[in-house]
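The residues making up each chain are set out below.
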Amino acid sequence: MGTDADALRFMRRAIELSRAHMETGEGGPFGAVIVRDGEILGEGWNRVTSSHDPTAHAEVVAIRQACAKLGTFHLRGCEIYTSCEPCPMCLAAIYWARLDRIWYANGRADAAAIQFDDAWLYREVALPLDERSLPATQLLRDEALAVFRAWDAKTDKIPY
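An account of the accompanying structure is given in this report. (Residues numbered from 1 in each chain as written. Predicted model: local features only at pLDDT ≥ 70, side-chain atom pairs only at ≥ 80, totals over all residues. Heavy atoms only, no water.)

This paragraph deals with the overall build of the protein chain. In terms of helices and strands, the protein chain carries 7 helices and 4 strands. If you list the helices and strands of the protein chain from N to C, you get α-β-β-α-α-β-α-β-α-α-α. Looking at the protein chain as a whole, 32% of its 160 residues qualify as buried. For the protein chain, the proportion of contacts with a sequence separation of at least 24, taken over those separated by at least 6, is 49%. When the accessible surface of the protein chain is totalled, it reaches about 10,400 Å², and 57% of it is carbon and sulfur. (Helix = DSSP H or I, 4+ residues; strand = E, 2+ residues; numbered from the N terminus. Buried < 20%, exposed > 50% of the residue type's maximum accessible area, 1.4 Å probe, protein only. Contact = heavy atoms within 4.5 Å. Areas by Shrake-Rupley, 256 points an atom, 1.4 Å probe, with all protein chains shown as cover.)

This is how it looks when you write it as structure tokens:
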């Protein structure tokens, strides 16, 4: 972790990205940067509406950029600075990327106050499958398990 001045600088960059790209109409008011050893490796801003991609949240965009720059699928040793507390999708992506720390500015209640309320999604993922509002039906498990067994037996797989 860097100095307090570094943390403030990186958070200000995330906030700057959120404002600049919100003002140009690229998406909602969200920005993120990924940092390792004082260097920004990835920057992202919300591109959901401009790219027609519901997964193009600032954090996900920054993760993709940093991973591409490093040529890896994990970001151990890195931290993310994001202008808002990550939604459940972004939080999961941050965990999958193995980032070391999350720094955030606005909280989820602040986002809800401007109609970016993801509280329902936090509630939904905590429910058992049969109680969720989106139906989920298991189909062809035996056929899919054959692929899992093949993966398990694969000697040249790259675990992640």
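There is more to say, and it comes next.
This part is about the side chain of N46. Tracing the backbone through its elements, the reader meets N46 in the loop between strand 2 (39-45) and helix 2 (48-51). Residue classification places N46 among the buried positions, given a relative accessible area of 7%. Side-chain polar atoms of N46 contact the backbone nitrogen of G28, separated by 3.0 Å. Among the polar contacts listed, one links the side chain of N46 to the backbone nitrogen of V48, at a separation of 3.2 Å. (Polar contact = N/O pair within 3.5 Å; in protein donor to acceptor, adjacent residues only side chain to side chain.)

Bringing the pairing of strand 2 into the picture now. Strand 2 sits mainly inside the fold: 5 of its 7 residues count as buried. Two elements, strand 1 (residues 31-36) and strand 2, share 6 bridges in a ladder whose sense is antiparallel. Across the sheet, G31 pairs through a bridge with W45, a residue of strand 2. Counted along the chain from strand 1 to the antiparallel partner strand 2, the turn is 2 residues long, and its residue D37 has a positive phi close to 50 degrees. (Pairing = 2+ DSSP bridges.)

To continue, consider the sheet that holds strand 2. In space, the 4 strands of this open sheet follow the order 2-1-3-4, with mixed pairing throughout. Of all the strands in the sheet, the pair left with one neighbour each is strand 2 and strand 4 (101-106). The sheet shows a mean angle of 15 degrees between the axes of neighbouring strands, direction not considered. Bridge count for strand 1 against strand 3 (residues 79-84) is 4 bridges, and the pairing is antiparallel. If you follow I34 over to strand 3, its bridge partner there is I80. (Axes fitted to C-alpha atoms, helices over the stretch in contact; angles between N-to-C directions.)

On to the packing of helix 3 (residues 58-70) against helix 4 (residues 88-97), then. Running from amino to carboxyl end, helix 3 crosses helix 4 at an angle of 25 degrees, the nearest separation of the two axes being 9 Å. On the basis of their axis angle, the class for helix 3 and helix 4 is roughly parallel. Between helix 3 and helix 4 lies a crossing of left-handed hand. The segment helix 3 lies against helix 4, with E59, V60 and I63 engaging M89, C90, A93, I94 and A97. Across the contact of helix 3 with helix 4, the residue classes tally to 7 nonpolar, no polar and 1 charged. (Parallel < 35°, antiparallel > 145°, perpendicular 65-115°, else oblique. Left-handed = near helix turned anticlockwise from the far one by under 90°. Nonpolar A, V, L, I, M, F, W, Y, C, P; charged D, E, K, R; others polar.)

Using the criterion set out here, one finds 8 salt bridges in the structure. Two residues, R9 and D6, come together in a salt bridge whose shortest N-O distance is 3.3 Å. Placement of the pair is R9 and D6 together in helix 1 (residues 4-23), with a separation of 3 residues, close to one helical turn. Classification of R9 by relative accessible area gives partly exposed; the value is 45%. Residue D6 is classed as partly exposed on the basis of its relative accessible area, which comes to 22%. Across the pair E43 and R13 runs a salt bridge whose closest N-O atoms are separated by 2.7 Å. (Salt bridge = Lys/Arg side-chain N within 4 Å of Asp/Glu carboxyl O.)

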